[in-house]
Amino acid sequence: MRYVSTRGQAPVFDFAGVLLAGLAEDGGLYVPESWPSFSPAEIRALRGLPYPELVAAIMAPFVGDAIPDFRRLCADAYAGFDHPAVVPLVQLETGLFVQELFHGPTLAFKDLALQLVGRLFERVLGAERLTIVGATSGDTGAAAIEALKGRSGIAIAILHPEGRVSEVQRRQMTTVLAPNVENIAVRGSFDDCQDLVKSMFADAEFRHAMRLSAVNSINWARIAAQIPYYFAAALSLGAPDREVAFSVPTGNFGNILAAWAAARMGLPVARLVVACNRNDILARFLAANDMSIRPVEPSLSPSMDIQVSSNFERLLFELLDRDPAAVAPIVTGFRRDGRMAVPEAAWTRMRALFQGFSLDDAGTEAEIARLHRVSGYLADPHSAIGIAAAREAMLAASVDRAVPMIAAATAHPAKFAPAVAHASGVSPALPARLADLYQRPERCTVAENSLPAVEALVAAVAERATRVGIAA
Ligand SMILES: *Cc1c(COP(=O)(O)O)cnc(C)c1O
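Residues numbered from 1 in each chain as written. Predicted model: local features only at pLDDT ≥ 70, side-chain atom pairs only at ≥ 80, totals over all residues. Heavy atoms only, no water.

S.K.: Any details on helix α4 (residues 70–78)? Residues and values, ideally.
M.R.: For α4, the set of buried residues is Phe70, Leu73, Cys74, Ala77 and Tyr78. End-on view of α4: buried residues confined to an arc of 115°, all on one side of the axis. In this structure, the buried side of α4 is in contact with α3 (51–63) and α5 (110–125). (Buried < 20%, exposed > 50% of the residue type's maximum accessible area, 1.4 Å probe, protein only. Helix = DSSP H or I, 4+ residues; strand = E, 2+ residues; numbered from the N terminus. Arc of directions from axis to C-beta. Contact = heavy atoms within 4.5 Å.)

S.K.: I'd like to hear about the domain arrangement of the protein chain, residue by residue, with values.
M.R.: Structurally, the protein chain comprises domain 1 (87–107 + 220–424) and domain 2 (126–216 + 442–472). On a C-alpha basis, the centroid separation for the pair domain 1 and domain 2 is 29 Å. The partner domain 2 presents 11 residues to the eight residues of domain 1 that form the contact. Summed over both partners, the interface of domain 1 with domain 2 buries about 780 Å², with 48% contributed by carbon and sulfur atoms. For domain 1, the biggest contributors to the area lost against domain 2 are Thr106, Arg222 and Lys415; these three give 63% of the whole. At the surface where domain 1 touches domain 2, the tally comes to one salt bridge. Residue aspartate 139 pairs with lysine 415 through a salt bridge whose shortest N-O separation is 3.0 Å. Counting the contacts that link domain 1 with domain 2 gives five residue pairs in polar contact (both at pLDDT 80 or more). Of the residues contributing to the side of domain 1 that touches domain 2, the split by class is four nonpolar, two polar and two charged. (Domains from an automatic or database assignment. Buried area = accessible area lost by both parts, 1.4 Å probe. Salt bridge = Lys/Arg side-chain N within 4 Å of Asp/Glu carboxyl O. Polar contact = N/O pair within 3.5 Å; in protein donor to acceptor, adjacent residues only side chain to side chain. Nonpolar A, V, L, I, M, F, W, Y, C, P; charged D, E, K, R; others polar.)

S.K.: Describe the pairing of strand β14 (residues 405–409), with residues and values.
M.R.: In terms of residue burial, β14 counts as a mostly covered element, since five of its five residues are buried. Across the two faces of β14 the burial is the same, with Met405, Ala407 and Ala409 and Ile406 and Ala408 all buried. Two strands pair when backbone bridges link them, and strand β4 (residues 96–100) and β14 are joined in this way by five bridges, in the parallel orientation. In the sheet register, glutamate 100 faces β14, and the bridge partner there is alanine 409. Across three bridges, strand β9 (residues 244–249) lies against β14 in parallel orientation. For serine 247, the partnering residue across the bridge sits in β14 and is alanine 407. (Pairing = 2+ DSSP bridges.)

S.K.: I'd love a proper account of the sheet that holds strand β5 (residues 130–135), names of residues and values included.
M.R.: The strand order across the open sheet built from five strands is β8-β5-β6-β7-β15, with neighbouring strands paired in parallel fashion. Each edge of the open sheet carries a strand with a single partner, namely β8 (212–213) and β15 (445–447). Across three bridges, strand β7 (residues 181–186) lies against β15 in parallel orientation. When the sheet's bridge partners are listed, alanine 185 is paired in β15 with valine 446. Contacts from helix α8 (residues 190–202) reach β5, β6 (154–161), β7 and β8 within the one sheet, and its direction differs from that of β5 by about 150°. (Axes fitted to C-alpha atoms, helices over the stretch in contact; angles between N-to-C directions.)

S.K.: Can you explain the site of the ligand? Please cite residues and give values.
M.R.: What surrounds the ligand is a group of 15 residues, the closest being Lys110, Asp139, Gly251, Asn252 and Thr410. Separating an oxygen atom of the ligand from a backbone N or O atom of asparagine 255 is a distance of 2.9 Å. One of the side-chain N or O atoms of serine 303 is found 3.5 Å from an oxygen atom in the ligand. In isolation the ligand exposes 380 Å². Once the protein is present, 96% of that is buried. When the residues that make up the shell around the ligand are grouped by side-chain class, the tally is five nonpolar, eight polar and two charged. (Near = heavy atom within 4 Å. Areas by Shrake-Rupley, 256 points an atom, 1.4 Å probe, with all protein chains shown as cover.)

S.K.: How would you summarise the sheet that holds β4 if you had to cite specific residues and measurements?
M.R.: Within the open sheet, the six strands sit side by side as β3-β4-β14-β9-β10-β13. Their pairing is mixed. Every interior strand has two partners, whereas the edge strands, β3 (89–93) and β13 (354–358), have only one. When the angles between neighbouring strand axes are averaged without regard to direction, this sheet yields 25°. Along the sheet, helix α11 (residues 227–236) contacts β3, β4, β9 and β14; its crossing angle with β9, the most-contacted strand, is approximately 140°.

S.K.: Tell me about the pattern of salt bridges, residues and numbers included.
M.R.: A complete count under the given rule lists 31 salt bridges for this structure. Aspartate 82 is the salt-bridge partner of arginine 433, the closest N and O atoms lying 3.0 Å from each other. Residue arginine 433 is found in the loop between α19 (417–424) and β15, and its partner aspartate 82 is found in the loop between α4 and β3; the two are separated by 351 residues along the sequence. The exposure class assigned to arginine 433 is partly exposed, which follows from its relative accessible area of 30%. A relative accessible area of 37% means that aspartate 82 is categorised as partly exposed.

S.K.: Explain the side chain of aspartate 305 residue by residue, including any values.
M.R.: With respect to the helices, strands and loops of the structure, aspartate 305 is situated in the loop between β11 (291–292) and α14 (312–319). Although aspartate 305 is buried, it makes no salt bridge; arginine 278 carries the closest opposite charge, 7.1 Å away. At 3.0 Å, the side chain of aspartate 305 forms a polar contact with the side chain of asparagine 279. If we skip the residues at most four places from it in the chain, aspartate 305 touches Asn277, Asn279, Val296, Glu297, Pro298 and Ser299. (Lys, Arg positive; Asp, Glu negative; His and termini not counted.)

S.K.: Talk me through helix α20 (residues 451–468); I want residue IDs and the actual numbers.
M.R.: For α20, which comprises 18 residues, the first-to-last C-alpha distance of 26 Å matches the rise-based estimate of 26 Å (1.5 Å per residue) to within 8%. Among all positions of α20, only Val454, Glu455, Leu457, Val458, Val461, Ala462 and Ala465 are buried. Along the long axis of α20, the arc covered by the buried residues comes to 160°, so they all point the same way. In α20, the exposed positions angled more than 90 degrees off the buried face are occupied by Pro452 and Arg467. The N-cap of α20, judged by a side-chain oxygen 3.2 Å from the amide nitrogen of alanine 453 a few residues on, is serine 450. (Expected span 1.5 Å × (residues − 1).)

Listed below in structure tokens is the structure:
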């Protein structure tokens with residue numbers, strides 16, 4: 001499989017190339033040159049496969065022959081999950097299911113992609129070296145560190161705003177003591193951390209010397225690794241002989257894009273619900289074809305506190321018949337003006353499948369409480385928004401009640417324990433393997449909000465990773 005940029009001006013790459021490149025150099029995002037497709041008979045043949053084998057089968061057309069032992073890497077990536085089904089379904093009520101995507105090492109769905117992508121990085125690098133840098137407000141940094149700790153040839157430095165991530169999130173990062181990992185607590189905000197990362201990439205000399213790369217959700221491999229669980233859920237509920245609908249709590253539009261991709265590849269999907277918190281730019285766009293940026297407001301679901309959903313560009317490319325010349329002016333205009341509309345026909349096509357929804361913090365707490373009261377189910381704030389959106393979508397008069405609705409549960413309730421306890425009166429416990437998280441030693445370096453200070457720490461971890469020859 002070859003990959004092209006949504007803006008049409010970057011080199012075409014194979015799977016290994018897009019994995020290491022992340023963002024395309026024309027500012028666009030890589031997408032497959034054509035979509036693989038699975039016939040109903042081929043989908044039927046996937047029934048009953050253990051999850052790692054399903055991943056290998058669904059991703060095979062994307063990976064091609066880039067990774068000879070891909071099946072083994074899949075088996076390895078999901079061996080550390082603490083549920084035998086990896087992505088189990090739980091039924092909440094008639095026709096409504098939750099798919100739990102939080103049974104990985106850091107308790108959020110990002111583990112499903114990053115556990116595999118970390119192994120893929122190590123494999124395609126061979127004897128080369130790479131330094132991953134990133135800014136996190138919580139979940140991504142923890143999942144990336146957990147996926148890359150101790151990997152050969154790779155150093156990772158993650159910046160977080162000092163004192164502004166939850167204690168569980170911080171400890172998940174800082175208790176990883178592998179020598180190729182550096183946690184940097186920046187005296188500043190999340191935006192300061194992001195600006196520092198951008199400045200490091202803009203410092204050409206530093207970027208080349210360190211061989212900087214990123215693992216954010218613009219990396220195609222992460223999206224590809226999220227497609228299989230949509231197949232898994234639909235297969236257990238009767239696909240391809242029965243349609244399903246999905247509701248996905250959305251921030252950067254990566255997870256729901258993977259659901260769309262599953263549909264594009266042949267999975268019969270009747271509807272996709274885009275569930276937002278009070279930062280509802282996507283819901284407003286779906287209601288009125290007006291994507292206009294407002295200030296980001298903090299919420300109980302911080303991983304969805306986003307106004308610019310980078311991965312939307314990939315869907316836009318499809319809605320505009322894969323014409324990069326049509327995509328580029330719209331997205332550059334959006335960066336410039338903070339708002340965009342898409343051609344009416346494209347917007348109408350999107351609305352034929354996608355439906356928007358948003359819920360504020362009070363609504364989120366009410367949903368957490370309601371779920372616990374009626375079914376005993378404890379949902380984290382992100383998952384609760386997806387479930388509330390699913391329920392609302394199921395109420396519409398035009399809805400076919402034979403189509404099951406699956407809401408993605410993206411984080412374990414214990415990851416956001418204070419909010420869950422406040423809403424439900426029950427404090428969710430961490431899974432057994434993390435029970436001693438609060439006793440583990442932490443390692444973290446506090447840094448001023450200064451580029452030279454942070455670059456020195458990044459250079460030091462890159463040097464440390466080389467010296468210990470990490471593989472040992
Ligand atoms: C990252 C994250 C999201 C948002 O996912 P996107 O792919 O960015 O849309 C939702 N919930 C949780 C818990 C997350 O960590």
